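Geometric and topological summary
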Amino acid sequence: GAQMIPNEWLMEIVSACLESCGCDVDALRQDTSGGSQQTDDEWGILKFSRSVSRTRNILLASSGPLGIDYDIVVSALLLLEKRGEPFCELECSVSTQDLL
């Protein structure tokens, strides 16, 4: 039967693709929530908006000559998301869903 691609391998592929095009992968792994702030963001809309904006800025800042290989990155991220796994083994401030 078909064997499942290991999550660790998928995580490495995502990181390698992002790093090779100049994305600051470490910035995606940093927690910038600023602690537990009480806000009126009852449904998490502001938090989500900040996360998407921050992620977009990191990905747009890529300086590599070839850019992001979206075919590989999106495929790996979709598999990780379907499995409920993060895109990195460390504590990430950006979810796999946000990165997609």
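Figured I'd write up the structure that's included with this text. Remember, predicted model here, so these are calculated numbers, not experimental data. (Residues numbered from 1 in each chain as written. Predicted model: local features only at pLDDT ≥ 70, side-chain atom pairs only at ≥ 80, totals over all residues. Heavy atoms only, no water.)

1. Remarks on the environment of Asn57
Keep this limit in mind: The way it works is that DSSP assigns letters per residue, a run of H or I at least four long becomes a helix, a run of E at least two long becomes a strand, and they are numbered from the N terminus. Burial classification: accessible surface area is computed with a 1.4 Å probe over protein chains only, and a residue below 20% of its type maximum counts as buried, one above 50% as exposed, and the rest as partly exposed.
For Asn57, the location among the structural elements is in helix α3 (residues 45-60). According to the relative accessible area criterion, Asn57 is partly exposed, its value standing at 46%.

2. So, a negative patch on the surface
Short version of the rule: Only residues above 30% relative accessible area that lack a salt bridge enter a patch, with like-charged residues linked at up to 9 Å and the nonpolar side chains Val, Leu, Ile, Met, Phe, Trp and Tyr linked at up to 5 Å. To be clear on the numbers: accessible area is Shrake-Rupley with a 1.4 Å probe, and residue cover counts the displayed protein chains and nothing else. Each reported salt bridge corresponds to a side-chain nitrogen of Lys or Arg within 4 Å of a carboxyl oxygen of Asp or Glu. Counted as positive: Lys and Arg. Counted as negative: Asp and Glu. His and the chain ends are not counted at all. Charge positions are represented by NZ for Lys, CZ for Arg, CG for Asp and CD for Glu.
On the surface, Glu8, Glu12, Glu19 and Glu89 cluster together into a negatively charged patch. Among the structural elements, Glu19 can be located in helix α1 (residues 7-20). Using a relative accessible area of 46% as the deciding quantity, one classes Glu19 as partly exposed.

3. Overview of α1
Our working definition: To estimate the expected span of a helix, subtract one from its residue number and multiply by 1.5 Å. Directions are taken from the helix axis to each C-beta atom, and the arc is the one they span.
Taking 1.5 Å per residue, 14 residues should reach 20 Å; α1 reaches 20 Å between its end C-alpha atoms and fits that length. Listing the buried residues of α1 in full gives Asn7, Leu10, Met11, Val14, Ser15, Cys17 and Leu18. Take α1 and look down its axis: the buried residues cluster within an arc of 165°, on one side only. Residues Glu12 and Ser20 are exposed on α1 and point more than 90 degrees away from its buried face. Directly beyond the C-terminal end of α1, a positive phi value near 95° is found at Gly22.

4. Re helix α4 (residues 70-82)
Stated precisely, the cut-off is as follows: In what follows, a contact means two residues having at least one pair of non-hydrogen atoms within 4.5 Å.
Over its 13 residues, α4 runs 17 Å from end to end, which matches the ideal 18 Å to within 8%, given 1.5 Å per residue. All of the buried residues along α4 are Val73, Ala76, Leu77 and Leu80. All buried residues of α4 project into a common sector of 100° when viewed along the axis, lining one side. Exposed side of α4, more than 90 degrees from the buried face: Tyr70, Asp71 and Lys82 are the residues found there. Packed against the buried residues of α4 are α1 and α5 (96-99). Looking one or two residues beyond α4, the residue adopting positive phi is Gly84, at roughly 75°.

5. Focus: the packing of α1 against α4
To describe two helices that pack against each other, one gives the angle between their axes and the distance between the axes. Rules: Structural elements are reduced to axes, namely lines fitted to C-alpha atoms, with helices fitted over the stretch in contact, and the angle between N-to-C directions of any two is expressed from 0 to 180 degrees. Crossings are assigned a handedness: left-handed for a near helix turned anticlockwise from the far helix by less than a right angle, right-handed for a clockwise turn. Any residue outside Ala, Val, Leu, Ile, Met, Phe, Trp, Tyr, Cys, Pro, Asp, Glu, Lys and Arg is labelled polar, Gly included; the first ten of those are nonpolar and the last four are charged.
Two elements in contact, α1 and α4, have axes whose closest approach is 9 Å; the angle formed by their N-to-C orientations is 145°. As α1 runs across α4, the sense of the crossing is left-handed. Mapping the contact onto sequence places Asn7, Leu10, Met11, Ile13, Val14 and Cys17 in α1 and Ile72, Val73, Ala76, Leu77, Leu79 and Leu80 in α4. For the contact of α1 with α4, a count of residues per class yields 11 nonpolar, 1 polar and no charged.

6. A closer look at the environment of Leu77
Looking at where Leu77 falls in the secondary structure, it is placed in helix α4. Placed 63 residues apart in sequence, Leu77 and Val14 show a C-alpha to C-alpha distance of 7.3 Å. With near-sequence residues (within four places) excluded, Leu77 lies in contact with Val14, Phe87, Thr96, Leu99 and Leu100.

7. Describing the side chain of Thr96
The criterion, for reference: Any N or O atom pair separated by 3.5 Å or less is treated as a polar contact, with the protein-specific requirement of one donor-capable and one acceptor-capable atom, and with residues adjacent in sequence counted only for side-chain atom pairs.
Positionally, Thr96 belongs in helix α5. Take Thr96: its relative accessible area is 4%, and that puts it in the buried class. In terms of polar contacts, Thr96 uses its side chain to reach the backbone carbonyl oxygen of Glu85, at 3.0 Å. When neighbours within four sequence positions are excluded, Thr96 is seen to be in contact with Leu77, Leu80, Glu81, Glu85, Pro86 and Phe87.

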